Every structure is written in structure tokens, then in C-alpha cells.
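Structural characterization, general
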Amino acid sequence: MNCGAMAATGEILYFLHADTRPPPRFDQFIERSVGQGHQAGCFRLKFMDSHPLLCLYGWCTRFDTDLFRFGDQSLFITRKLFLDINGYCEELILMEDQEIIRRIRSHTDFKLMEKCVVTSPRKYRENGVVRLQVIFCMIVLLYYTGARQETLVHFYHSNIDSGGENRD
């Protein structure tokens, strides 16, 4: 992500997962938000699935708490702020999204947009909607209690079926 940011030429950077679609006119929403003084933020989340628990998980992203901020929600950030905070921590394989948002909030506010990105539920379908959420909660708990990245990565790979995807 840092390499992509350095190759980008714009003054606003936007990070989006490959299986996530931004809302229509997302660029205009981001530009307006930056024009109002917000240097970073994300969108709320919806899944491409009507499973009640996935709807609940997406609904929870409306609350302005960092525990609900993950890469699936995308991230916009001004180039200046990105450089000021030294970008993503390259030592992190997991939880890099949580870590960068904490650093962003130590410098400025973080804008939670009202519109939603829409993301694939594939990983939830492959692993079970409840089971995967419990695993993700365990990873968050391990991270915030100081577990090493090696522990988090091992736990992730031992418990999550990634459907043959690259497990980086």
C-alpha cells in the first residue's frame, strides 16, 4: 500500500480492497469531505448479501468507534497526512488498518462517511458467518492485548479458509 501511495500522483489517496465497490460518486464525496477540512476517513460497510448477521455487522459500522474500522470500509487520506504519519506500518501483516487509523486520530479527526461501500461476503460464506466473526474478534483481542504479529498470522491461517487466495 505504501508503494502504491508513493506511485500515486494525486493529493488524496484512496485505499480500497479488490472485492469491495465504492458508492457511486465516491470521489465527489471524498473531495467534498477533504474540502471541509477532513484529512482522512472511510465509508460505512454493506455486504453483497442479505444474511441478517451480515446486515447487523454492516449496520455496526455506523458507530464512530475504532473497533469497527477495518480495511473493508476503504480509507481516504490526504497525501500530506499520509506522509506526516509515515504511511502504513510495514511490519504489520494484520491489523494495519486499525493501527493507521489510531495514528491518524492522534493527528486529526477521522471522518465516517454516511454512504456505504459494498463488499463481498465470500470469506463469511466459506468460513461461516458467526465463526468468522468470532475469529476476527479473537484477532482484535489478541492484537490489543499485545500479541506478536507472528501469533496473529498463525491464528489467522490456522482458522480461516481463504479459498486459495494469497494469504498476505
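All of these numbers come straight from a predicted model, not from anything done at the bench.

Here R44 is to be found in strand β3 (residues 40-47). Although R44 is buried, it makes no salt bridge; E114 carries the closest opposite charge, 5.3 Å away. Discounting chain neighbours no more than four positions away, the residues touching R44 are T61, R62, Q73, L112, M113, E114, K115, C116 and V117.

The buried fraction of helix α5 (residues 96-105) amounts to 8 of the 10 residues, a majority that puts the element mostly inside the structure. Where α5 is concerned, the buried positions are E96, D97, Q98, E99, I100, I101, R103 and I104. Where the residues of α5 are buried, they touch β3, β4 (75-78), α4 (79-84) and α7 (129-144).

Summarising the model, the protein shows a mean pLDDT of 94, and 96% of its residues fall at 70 or more. Of the regions scoring below 50 in pLDDT, residues 164-168 engages in 8 contacts with residues more than four places distant in sequence or in other chains.

Conventions used here
Residues numbered from 1 in each chain as written. Predicted model: local features only at pLDDT ≥ 70, side-chain atom pairs only at ≥ 80, totals over all residues. Heavy atoms only, no water. Helix = DSSP H or I, 4+ residues; strand = E, 2+ residues; numbered from the N terminus. Buried < 20%, exposed > 50% of the residue type's maximum accessible area, 1.4 Å probe, protein only. Lys, Arg positive; Asp, Glu negative; His and termini not counted. Salt bridge = Lys/Arg side-chain N within 4 Å of Asp/Glu carboxyl O. Contact = heavy atoms within 4.5 Å. pLDDT = per-residue confidence, 0-100.

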